[in-house]
Amino acid sequence: MKHSASGPVPDADPVDTRLGIRLAALRAERGWSLGELAERSGVSRSTLSRAERAETSPTAALLNRLCAVYGRTMSQLLSEVEAAPDPLVRAADQPVWEDRASGFVRRSVSPPHAGLRGELVEGRLAAGADIAYDRPPVPGLEQHVWVLEGALEVTAQDQTHQLGAGDCLRLRVWGPTRFRCAGPEDVRYALAVVLP
């Protein structure tokens, strides 16, 4: 069975199912209809409904729009669907999320933790992958992008930066950003995120 009008799809990915439940709960906490959330996020009601029922795996761009509406980073949202955080995060326990449509893999190396403002993420983009975010999840979010392998093009505040292995870009995010792997090889980078 793939579709369910009343809740998550039984054979859906477990992370997508938990994510859908959390997205529905966030909307319910605010008393918003799907139509109201669609107006606030710029995402169609049908896409929001399918994501909440885990009928589709949400893309990074979709989650970013929802995070902006809910005032969370993507890591905060994803950590809310995982178990309670532990101070020591073993490599095998670091949550991995994949946006199959764009070729983006995100490992939450140091997930958000109560009392801490920073987090550490490992990003991997396949050659040719291009991800654009139309707004930051939290305005003024501090980011440090450190390329570990390959080459990465980052566009923020209408300025494009070419980063090679070992390069680090430091910025506060106020508007649209774009991460692009223009090289023939995949890129792997560390992203330190600090809440304002």
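Right above here is the structure, for reference.
What counts, and at which threshold
- Residues numbered from 1 in each chain as written.
- Predicted model: local features only at pLDDT ≥ 70, side-chain atom pairs only at ≥ 80, totals over all residues.
- Heavy atoms only, no water.
- Helix = DSSP H or I, 4+ residues; strand = E, 2+ residues; numbered from the N terminus.
- Rg over C-alpha atoms; globule rule 2.2 N^0.38 Å.
- Buried < 20%, exposed > 50% of the residue type's maximum accessible area, 1.4 Å probe, protein only.
- Contact = heavy atoms within 4.5 Å.
- Areas by Shrake-Rupley, 256 points an atom, 1.4 Å probe, with all protein chains shown as cover.
- Lys, Arg positive; Asp, Glu negative; His and termini not counted.
- Charge placed at Lys NZ, Arg CZ, Asp CG, Glu CD.
- Salt bridge = Lys/Arg side-chain N within 4 Å of Asp/Glu carboxyl O.
- Polar contact = N/O pair within 3.5 Å; in protein donor to acceptor, adjacent residues only side chain to side chain.
- Phe/Tyr/Trp six-rings, centres within 6.5 Å; stacked < 30°, edge-to-face > 60°.
- Pairing = 2+ DSSP bridges.
- Axes fitted to C-alpha atoms, helices over the stretch in contact; angles between N-to-C directions.
- Parallel < 35°, antiparallel > 145°, perpendicular 65-115°, else oblique.
- Core = buried A, V, L, I, M, F, W, Y, C linked by side-chain atoms within 4.5 Å.

## Some details on the overall build of the chain
In terms of regular secondary structure, the chain is built from five helices and ten strands. A globule of 196 residues ought to have a C-alpha radius of gyration of about 16 Å, and the chain, at 17 Å, matches this closely. Burial statistics for the chain: of 196 residues in total, 43% are counted as buried. Once local pairs closer than 6 in sequence are excluded, the contacts in the chain between residues at least 24 apart make up 65%. In the form shown here, the chain has an accessible surface area of approximately 9900 Å², with 52% of it arising from carbon and sulfur atoms. Computed over 23 positive and 25 negative side-chain charges, the inter-centroid distance for the chain is 4 Å.

## Some words on the side chain of D16
Here D16 is to be found in helix 1 (residues 14–30). An unpaired buried charge is present at D16: no salt bridge exists, and R100, the closest side chain of opposite charge, is 4.7 Å distant. Looking at D16, its side chain comes within polar contact range of the side chain of S57, at 3.2 Å.

## Topic: the side chain of N64
Tracing the backbone shows N64 in helix 4 (residues 60–70). Each residue touching N64, except ones within four places of it in the same chain, is listed here: M74, Y133, D134, R135, P136 and P137.

## Points about the packing of aromatic side chains
Taken as a whole and assessed by the stated rule, the structure comprises three aromatic pairs. Judged by centre distance (5.9 Å) and plane angle (15 degrees), the rings of W32 and Y70 are stacked. Here Y70 lies in helix 4 and W32 lies in the loop between helix 1 and helix 2 (34–41), a separation of 38 residues in the sequence. The class of Y70 is buried, set by a relative accessible area of 6%. A ring pair is formed by Y133 and F179, whose centres lie 6.3 Å apart and whose planes are at 80 degrees; its orientation type is edge-to-face. Highlighted residues: Y133 in strand 4 (residues 130–133) and F179 in strand 9 (residues 177–180), separated in sequence by 46 residues. The same class applies to Y133 and to F179, which are both buried. Members of the aromatic cluster, connected to one another through ring pairs, are Y133, F179 and Y189.

## Quick look at the sheet that holds strand 5 (residues 141–149)
An order of 1-2-3-10-5-8 is seen for the six strands of this open sheet, with the pairing classed as antiparallel. Edge positions in the sheet fall to strand 1 (96–99) and strand 8 (168–173), since each has one partner strand and no second. Strand after strand, the sheet turns through a mean of 20 degrees between neighbouring axes, direction not considered. Pairing analysis gives four bridges linking strand 1 to strand 2 (residues 104–110), with the strands arranged antiparallel. Bridging across to strand 2, D99 finds its partner in F104.

## Considerations on helix 4
With respect to burial, helix 4 is a largely interior element, eight of its eleven residues being buried. Looking at helix 4, one finds that the buried residues are A60, L62, L63, N64, L66, C67, V69 and Y70. G71 lies just past helix 4 and shows a positive phi near 70 degrees.

## Section: the environment of D13
Positionally, D13 belongs in the segment before helix 1. For D13, a relative accessible area of 32% puts it in the partly exposed group. For the pair D13 and A54, spaced 41 residues apart in sequence, the C-alpha to C-alpha distance is 7.8 Å.

## A closer look at the packing of helix 2 against helix 4
As a packed pair, helix 2 and helix 4 sit with axes 9 Å apart at the nearest point and diverge in direction by 100 degrees. Taken together, helix 2 and helix 4 sit at an angle that is classed as roughly perpendicular. Contacts from L37, R40 and S41 of helix 2 reach helix 4 at R65, L66, V69 and Y70.

## A word on the nonpolar core
Formed by 44 residues in total, the largest nonpolar core has its most connected members in L125, L152 and Y189. At seven residues, helix 4 tops the list of elements feeding residues into this core. Setting aside its immediate chain neighbours within four residues, L152 contacts L125, V145, V147, H161, Q162, L163, F179, R180, V187 and Y189.

Remember, this is a structural readout, not a statement about activity or role.
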